[in-house]
Amino acid sequence: MTVKHTIAHIRTSPRWALIILLILTILCSVPMLEHPPGRDQGIFAYIGWRWLDGHVPYREGGVEVKGPGVYLLYALAFRLLGLSTQSIRVADLLWRLLTVSGFFALLWTVYRRVNVAVWAAGLFYAVVGTLTFSKGWTSAQTES
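Residues numbered from 1 in each chain as written. Predicted model: local features only at pLDDT ≥ 70, side-chain atom pairs only at ≥ 80, totals over all residues. Heavy atoms only, no water.

Quick notes on a nonpolar patch on the surface
A cluster of nonpolar side chains, L72, L76, L80, L81, V90 and L94, forms an exposed patch at the surface whose accessible area comes to about 570 Å². Residue assignment for the nonpolar patch shows that the elements contributing at least two residues are α4 (68–81) and α5 (85–111). A per-element tally of the nonpolar patch places α4 first, with 4 residues. Take L72: it is sitting in helix α4. Judged by its relative accessible area of 45%, L72 is partly exposed. (Patch = residues over 30% accessible without salt bridge, like charges linked within 9 Å, V, L, I, M, F, W, Y side chains within 5 Å. Areas by Shrake-Rupley, 256 points an atom, 1.4 Å probe, with all protein chains shown as cover. Salt bridge = Lys/Arg side-chain N within 4 Å of Asp/Glu carboxyl O. Helix = DSSP H or I, 4+ residues; strand = E, 2+ residues; numbered from the N terminus. Buried < 20%, exposed > 50% of the residue type's maximum accessible area, 1.4 Å probe, protein only.)

What follows is the structure in structure tokens.
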């Protein structure tokens, strides 16, 4: 197998494309692991923490306008990884990896091959989406 053939295979292989997109997402997310929580992230973490203490969602321990998914994610992070900022950062990273995987699966379903559109859209989310929503006050925006 020649180098040119190997590169062509990697470029068009769905497995390799997804692996590369996940690695890029991880590399772009590494700086995020050291950032302090943003405003919204603090609210999400507080409500998730209160849920672990048995408080009733949307009645006790904090009320916010987001759906329960983000609070559940943070409560699970605290339960599995401990009550710390790093726990929610790791949960955010894992969620981001699941989002990239889901986005890739959707694009694969539409195009049925790894082409320029799949690479461009995947790279856009993996790099731009991760870097944009990993800094400062934009941290933990549920839209990311």
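Structural notes on the packing of aromatic side chains
Two descriptors summarise a pair of aromatic rings, namely the distance from one centre to the other and the angle between the planes of the rings. This structure, assessed with the given rule, holds 4 aromatic pairs. Relative to Y74, the ring of F44 lies with its centre 6.1 Å away and its plane at 75 degrees, an arrangement referred to as edge-to-face. Taken together, the positions of F44 in helix α3 (residues 39–52) and Y74 in helix α4 put the pair 30 residues apart, joining distant regions of the chain. Here Y74 falls in the buried class, since its relative accessible area comes to 1%. An aromatic cluster of three or more residues is present, and its members are F44, W51, Y71 and Y74. The positively charged end of R50 is found above the aromatic ring belonging to W49, 4.6 Å away from the centroid. (Phe/Tyr/Trp six-rings, centres within 6.5 Å; stacked < 30°, edge-to-face > 60°. Lys NZ or Arg CZ within 6 Å of the ring centre and 35° of its normal.)

Comments concerning α4
Taking 1.5 Å as the rise per residue, α4 with 14 residues should run 20 Å; its terminal C-alpha atoms sit 20 Å apart, in good agreement. Inspection of α4 places V70, Y71, Y74, A75, A77 and F78 among the buried residues, and these make up the whole buried set. End-on view of α4: buried residues confined to an arc of 155 degrees, all on one side of the axis. Those residues of α4 that are exposed and aimed more than 90 degrees away from the buried face are R79 and L80. Where α4 is buried, its residues meet α3 and α5. G82 lies just past α4 and shows a positive phi near 100 degrees. (Expected span 1.5 Å × (residues − 1). Arc of directions from axis to C-beta. Contact = heavy atoms within 4.5 Å.)

Some thoughts on the nonpolar core
Buried together is how nonpolar side chains tend to be arranged in soluble globular proteins. Listed in full, the 10 residues of the largest apolar core are A17, L21, V100, F104, L107, V114, V118, W119, Y125 and A126. Those elements giving two or more residues to this core turn out to be α2 (14–29), α5 and α6 (116–132). At 4 residues, the largest contribution of residues to this core is made by α6. In this structure V100 touches L21, L22, T25, Y125 and A126, once residues within four positions along its chain are discounted. (Core = buried A, V, L, I, M, F, W, Y, C linked by side-chain atoms within 4.5 Å.)

Focus: the side chain of T25
Counting through the fold element by element, T25 comes out in helix α2. The residues touching T25, leaving out its near neighbours within four places in the chain, are R96, L97, V100, A126 and T130.

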